[in-house]
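One-letter residues, chain by chain:
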Amino acid sequence: IIGFIENRRVAKYRTLARDFIMAASGMFSAGQTTGEVIRTVGRSFAEPFGQEFREMTGQYELSPHFSFPQAFRRLAQKYRLPEFEAVAAILEAASTAGGPKAAGKGLARLGQALRQREKLLAERAKNLIEVKFAGYVVIGILLVGLLADATGLRQYYAGGGGKLVSAAASAVVVGLIFAMRKLTRNRDIEGAI
């Protein structure tokens, strides 16, 4: 349950990060500077990133040593989003060569990669529906059987051998749950940009 909630939160943040990247790529392509882009996006962007961008703008205006790439790296660590790490690398490269136009092109390519990743994740989720359903049915049947053994058929498992069989059945169910979680994860695609 905790993993499900965490995945939903990270998915929401990834969508917001992708929206920022696409908006920023257009603004950079129009010739705006990094400070202007972050200021503009910070005014209207959804939380929690809107507040983060407003804080970046404030720090940029107060400190001549402020670095947007470092700020995006901190944001990437805080929200565990490699997308912002990529933004930092693009901004860093564009500051040494190419300027806003290069940043716009780099962010546009990053946006395309993120859309491709989302497409692959959607395809994989569609392909895994049957596997997940079958796994949940098997685990559900085993859990119902285990519950029946622990309540209604308890007298059959009262001896030492019965406890061993009950422990083995519990271990099988737990093993199946962990196997289902591992088989249905998309770490290879989720980690790719």
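Numbers given to residues run from 1 along each chain, matching the order in which its sequence is written. Where local features are concerned, this predicted model is filtered to residues with pLDDT of at least 70; where side-chain atom pairs are given and counted, the filter is 80 or more; whole-chain, interface and lining totals use all residues. Side-chain numbers come from the whole structure's heavy atoms, not from hydrogens or water.

## Brief notes about the pattern of salt bridges
Definition used for salt bridges: Asp or Glu carboxyl oxygen within 4 Å of a side-chain nitrogen of Lys or Arg. This model, assessed by the stated rule, comprises 11 salt bridges. In this structure, Asp-19 engages Arg-18 in a salt bridge whose closest nitrogen and oxygen atoms are separated by 3.1 Å. Categorising residues by exposure relies on relative accessible area from a 1.4 Å probe, with only protein chains included: less than 20% of the type maximum marks a residue as buried, more than 50% marks it as exposed, and the intermediate range marks it as partly exposed. Residue class for Asp-19 comes out partly exposed when judged on its relative accessible area of 34%. Among the ionic pairs, Glu-61 bridges to Arg-39, the shortest N-O distance being 3.3 Å. Of this pair, Glu-61 sits in helix α3 (residues 49-62) while Arg-39 is found in helix α2 (residues 34-44), placing the two residues 22 residues apart along the sequence. To qualify as a helix, a DSSP run of H or I must reach at least 4 residues; to qualify as a strand, a run of E must reach at least 2; elements of each kind are numbered from the N terminus.

## Concerning the side chain of Arg-18
Mapped onto the elements, Arg-18 comes out in helix α1 (residues 2-29). Note on contacts: a residue pair qualifies if any of its non-hydrogen atoms lie within 4.5 Å across the two residues. Not counting residues within four places of it along the chain, the set of residues in contact with Arg-18 comprises Leu-114, Arg-115 and Glu-118.

## Observations regarding a nonpolar patch on the surface
Among the surface-exposed residues, Ile-1, Phe-4 and Ile-5 lie close enough to one another that they form a single nonpolar patch of about 410 Å² accessible area. With respect to the helices and strands, Ile-1 occurs in the segment before α1. Patch construction takes residues with relative accessible area above 30% that form no salt bridge. Like charges are linked within 9 Å, and nonpolar side chains (Val, Leu, Ile, Met, Phe, Trp, Tyr) are linked within 5 Å. Surface accessibility follows the Shrake-Rupley procedure with a 1.4 Å probe radius. Residue values consider only the protein chains on display as shielding.

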